[in-house]
Every structure is written in C-alpha cells, then in structure tokens.
Protein chains: 2
Amino acid sequence: MDEIKLIEVKEDILSDNDEAARKLRDKLRRDRCFAVNLMSSPGAGKTSLLLKTIAALKEEFKIGIIEADIDSMVDAEKIRETGVTAVQLRTAGFCHLDAAMVKTGLEGLGSESFDLVFIENVGNLVCPAEFDTGAIKNAMILSVPEGDDKPLKYPLMFTRADVLLVNKIDMMELSDFDPAALKQRVQSLNPGMPTFEISAKTGRGIALWTDWIRRETKVFA
Amino acid sequence: MDEIKLIEVKEDILSDNDEAARKLRDKLRRDRCFAVNLMSSPGAGKTSLLLKTIAALKEEFKIGIIEADIDSMVDAEKIRETGVTAVQLRTAGFCHLDAAMVKTGLEGLGSESFDLVFIENVGNLVCPAEFDTGAIKNAMILSVPEGDDKPLKYPLMFTRADVLLVNKIDMMELSDFDPAALKQRVQSLNPGMPTFEISAKTGRGIALWTDWIRRETKVFA
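This report concerns the structure included in the present document. Only a predicted model underlies this, so the values are computations on that prediction, with no experimental measurement involved. (Residues numbered from 1 in each chain as written. Chains lettered and ligands numbered in written order. Predicted model: local features only at pLDDT ≥ 70, side-chain atom pairs only at ≥ 80, totals over all residues.)

**Examining the overall build of chain A**
Item 1. From N to C terminus, chain A includes eight helices and eight strands.
Item 2. A globule of 221 residues ought to have a C-alpha radius of gyration of about 17 Å, and chain A, at 16 Å, matches this closely.
Item 3. Of all 221 residues assigned to chain A, the portion counted as buried reaches 52%. (Helix = DSSP H or I, 4+ residues; strand = E, 2+ residues; numbered from the N terminus. Rg over C-alpha atoms; globule rule 2.2 N^0.38 Å. Buried ≥ 20, exposed ≤ 12 C-beta atoms within 10 Å, placed from the backbone.)

**Structural notes on the sheet that holds strand β1 (residues 5–8) of chain B**
All names here are of chain B.
Item 1. If you trace the eight strands from one edge of the open sheet to the other, you get β1-β4-β3-β5-β2-β6-β7-β8, paired in parallel fashion. Edge positions in the sheet fall to β1 and β8 (195–197), since each of these pairs with one other strand and no more. Going from strand to strand, the sheet's axes swing by 20° on average, the running direction of each strand aside.
Item 2. Bridge count for strand β2 (residues 34–39) against strand β5 (residues 116–120) is five bridges, and the pairing is parallel. Within β5, the residue paired with A35 across the bridge is V117. (Pairing = 2+ DSSP bridges. Axes fitted to C-alpha atoms, helices over the stretch in contact; angles between N-to-C directions.)

**Here we look at the sheet that holds strand β5 (residues 116–120) of chain A**
All names here are of chain A.
Item 1. Read across the open sheet, the eight strands follow the order β1-β4-β3-β5-β2-β6-β7-β8; overall the sheet is parallel. Pairing within the sheet leaves two strands with one partner each, and these edge strands are β1 (5–8) and β8 (195–197). The mean angle between the axes of side-by-side strands here comes to 20°, regardless of whether they run parallel or antiparallel.
Item 2. Pairing of β1 with strand β4 (residues 85–90) involves four bridges; the strand directions are parallel. What sits directly across from E8, in β4, is R90.
Item 3. Each of β1, β3 (63–69), β4 and β5 touches helix α4 (residues 99–109); the most contacted strand, β4, lies at about 145° to it. (Contact = placed C-beta atoms within 7 Å.)

**Overview of the interface of chain A and chain B**
Item 1. Opposite the 32 residues of chain A that make contact, chain B presents 32 residues.
Item 2. Contributing elements (two or more residues each) for the side of chain A that touches chain B: α5 (150–153) and α6 (155–160) of chain A.
Item 3. A per-element tally of the side of chain A that touches chain B places α5(A) first, with three residues.
Item 4. Class assignment for the residues of the side of chain A that touches chain B results in 15 nonpolar, eight polar and nine charged. (Nonpolar A, V, L, I, M, F, W, Y, C, P; charged D, E, K, R; others polar.)

**Things to note about the relation of the copies chain A and chain B**
What relates the pair of chain copies is a rotation about an axis plus a shift along that axis.
Item 1. For the pair chain A and chain B, the best superposition has an RMSD of 0.0 Å and corresponds to a rotation of 180° with a translation of 0.0 Å parallel to the axis. The transformation relating the two chain copies, once decomposed into turn and shift, fits a two-fold axis. (Least-squares fit on C-alpha atoms with pLDDT ≥ 70 in both.)

**Examining the pairing of strand β2 (residues 34–39) of chain A**
Residues and elements named next belong to chain A.
Item 1. Along β2, six of the six residues are buried, which leaves the element largely enclosed by surrounding structure.
Item 2. The alternating pattern of β2 places F34, V36 and L38 on one face and A35, N37 and M39 on the opposite face, and all of these are buried.
Item 3. Sheet analysis places β2 next to strand β6 (residues 137–143), joined by four bridges and oriented parallel. Across the sheet, L38 pairs through a bridge with A139, a residue of β6.

**A few points about the environment of H96(B)**
Residues and elements named next belong to chain B.
Item 1. Relative to the helices and strands, H96 resides in the loop between β4 (85–90) and α4 (99–109).
Item 2. Sequence separation of H96 and D178 is 82 residues, and the distance between their C-alpha atoms is 29 Å.
Item 3. Ignoring anything within four residues of it in the chain, the contact list for H96 reads N121, V122, N124, C127, P128, E130 and F131.

**Considering the packing of helix α1 (residues 17–30) of chain B against α4(B)**
Any two packed helices are characterised by the angle at which their axes cross and by the distance between the axes.
Residues and elements named next belong to chain B.
Item 1. The N-to-C vectors of α1 and α4 enclose an angle of 30°; their axes lie 8 Å apart at closest approach. The orientation of α1 with respect to α4, classified from their angle, is roughly parallel. Within the contact between the two elements, α1 uses N17, A20, A21 and L24 and α4 uses A99, A100, V102 and K103.
Item 2. Tallied by class, the residues present in the contact of α1 with α4 amount to six nonpolar, one polar and one charged. (Parallel < 35°, antiparallel > 145°, perpendicular 65-115°, else oblique.)

**Notes on the environment of L51(A)**
Residue and element names in this part refer to chain A.
Item 1. Following the sequence through the fold, L51 ends up in helix α2 (residues 46–57).
Item 2. Residue class for L51 comes out partly exposed when judged on the 18 C-beta atoms lying within 10 Å of it.
Item 3. For the pair L51 and I79, spaced 28 residues apart in sequence, the C-alpha to C-alpha distance is 6.7 Å.
Item 4. Once residues lying within four places of it in the same chain are set aside, the contact partners of L51 are K78 and T82.

**Here we look at the pairing of β4(B)**
Residues and elements named next belong to chain B.
Item 1. Buried residues dominate β4, accounting for five of its six residues.
Item 2. Bridging between strand β3 (residues 63–69) and β4 involves six bridges; their strand directions are parallel. Of the residues in β4, the one forming a bridge with D69 is R90.
Item 3. Between the parallel elements β3 and β4, the chain passes through helix α3 (residues 74–80) in a crossover that is right-handed. (Right-handed = clockwise from strand over helix to strand, strands pointing away.)

Right under this line is the structure:
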C-alpha cells in the first residue's frame, strides 16, 4: 500500500488560472484521465461518497484521489485504507483549489497512469465555484440537512456543477427538505443537470452515480 | 414593520481590516451595542437559531439583525416576519464579511439604538474566520450532520469562536457523531470555550444560549 504523499500548495496569484485550467484539461484528455472535481459544504459527505465510489468502481478503473484540506490528513488516511493511491494537498488556510494546485496534485499522483481521478476540493460552497480546477467534470454534493434553499444562496456553485448528488437522503424524514422545491431551483440555474438522490451511508442511489461515471467515461475515452 | 434595507457591499482591499475592526468594536462598546458575529457552514442553522433567539429575547433587548448573503434575501425575509429590524448585505460573490461591511450594515441599522445585534456571516467555515468583523463576540454553529471531525479540518474557526453551538442534536441518533470526540478536539484548540448542544428546530438547549447572552451582556453593560 502506498504512503500518503503530502504536498504543501500556495496560490499562484500571478498566473492566469483560466489558461492554466484549459491546458490542464487538454493534458488530462490526452492522457485519457477522467478527473472529477468534487465540491460541497463541510461535512456534506465528499469522503464518504468517495469510499463508496471506490468500492463500486475499483475493479473497472485505475482510481487516484487528490485530497485537499486546510489542515489534517484524516480524509486521505480513510482513502488509503481502501488501497487506492491518494495524495494530500495542504492548502494552509486557502479556501479553494486552483488549476496550479491540481496540476501539482496530479503530478504527485502520476496522473498518466490513472483513468479516473477524484479531486476532493476544500469544503466550501463559495470560493471553489469561482476557480476552474482544470478537471473534466465538476460534481457537487448537497446534503439534505443543509436545506433546499441553497441554490438561492450559492447560485454559482449550482451553475458550475455538471452533476448534483443530493446526499443523506436517509435524514429526509427528520428534515423539512422539499425535493420538488430543490429541483425547481436547480433546474432554473442549470437546466438539465443530472441530479441523483443518494445516501453515502446506506449506499442507496450510489449506482445512479457510478452509472453516470461509466457513461461519461465511455464518451470521454 | 420595517422594510428590509438592501445594501450592496464590496471588499475594501486597501483598508487595514484589523484597525477598522478595533475602531468598530470601540464604537459598539461606547454605544452599549452587544454585536455577535454568527458563523457556520451553509445550512447549519444560523437563521433558525436567530428566529428562536429573537422569540426568547425580544422583550428584554432591542434586537437588530444584519444578514449577509451572496445572493437572495430569503433569510432577511424570515427575520422580518418576527417584527425585528433587519438589513441585508449582498456580498456579490464575496465569501466573508469584513469590518467595513459590518460598519456599513450597522449604519444601515442605526446601531446606536440597539442593544443586541446579530451579524449573520456568509455560510463558510474558512474565510469568515480570517477576518475580524469588529463584533464584540464570535459565535459558531456546528451542526451534527457535518460530523465531529470539523475542528481537525477548520481549526481557525474553532479558535476564533467565543462560544460554540452544536445544532441539530435532534439528528444525533441518525449520525455517528461522537460528542466526546468533538469536545476533546474543541478544547484542545480553544480551552474553556463554552459549548452548548441545541436544536434550533425543537428549541432544546436554546435557554443555555440565551442565558449565555444574558450573562455576557450584563458584564458588557
């Protein structure tokens, strides 16, 4: 089993992030590496989703994981237990990932040899939406306890996402979450965005997400 | 009932935020205005807590509310229904409040005539912790579904808070949240910080919080 590689990253404020992201995406396409940028609030279930995703797909894909955290390596340690290779980016107070940081993470991972890479962004609905990481797709998790009004408050995140996972549906009965209200708000920001109700805890709906990955990687390859 | 005042705010990157925050805090002290900066992840329950707090304290205190959101006025509209005066700061994509924005909000409110003001910061565990708003106290909400590992990942927020509210304890049985693990992590970052378990939904524990406000405002006055 690989050791976790820890990489300290800093924002390169002089570089043009959009240009760096475009170049990185081109390289990922050439390498046939389907990289997914995973964004959510703190505690919405990014790592839990990755653990279920790895369990479902690790026989079909060579999977690599880039973890980002301001501090600590708890997520990367959980990932390592699955046997999948992970690198940990420590952002030192920084609130989002940019393309230069992701490039560093992909180099740390050796992305050429992976066909599916998940980039776990910093838990934050604001800043990560503003910076193109260079990933092929953006996935967003909204967890039921956060509420159905989040598209009203964080519209850019819902606009930038290519797929939305509504997690913790096992907590639906304890909340006043209205799936129809969410759907209407999401569709008005991002018409046609695939949206899957899941529970990373119980495994419910995970197949909808992994099937989406299979379809998207087929088109991509 | 007052109309909601909507104020567009921008970051003043040329000003010294720490100095502006000190001046603002001095003014709040002179005005005997106990201003509390309320921070949390998206959907952790800031507005729900404020609604319960207003219901409990509005006969004892002249309360004003400053709402901050990137977009939308849904929170300020909920506050308005209580009859309490609210202003809405729209941060136009900005991920936190600074002292200049809060000063603008307090001026919009007319803070001299309020003895208790709550500033609902942008839902974000990263950036708001880095900027002193000038408030008298910082309160933080962590909601049970977010998990007990958040102090490991967002240590600055837990360090900056003067009081921690653990919300959504009604969801405890559906989660693997470990209150003892949280307590140990919080106390190692911020020894002695008062921590109250609450449910802004059921009202459980709200009296612990309102009693804390009564004690702190007594010392302050």
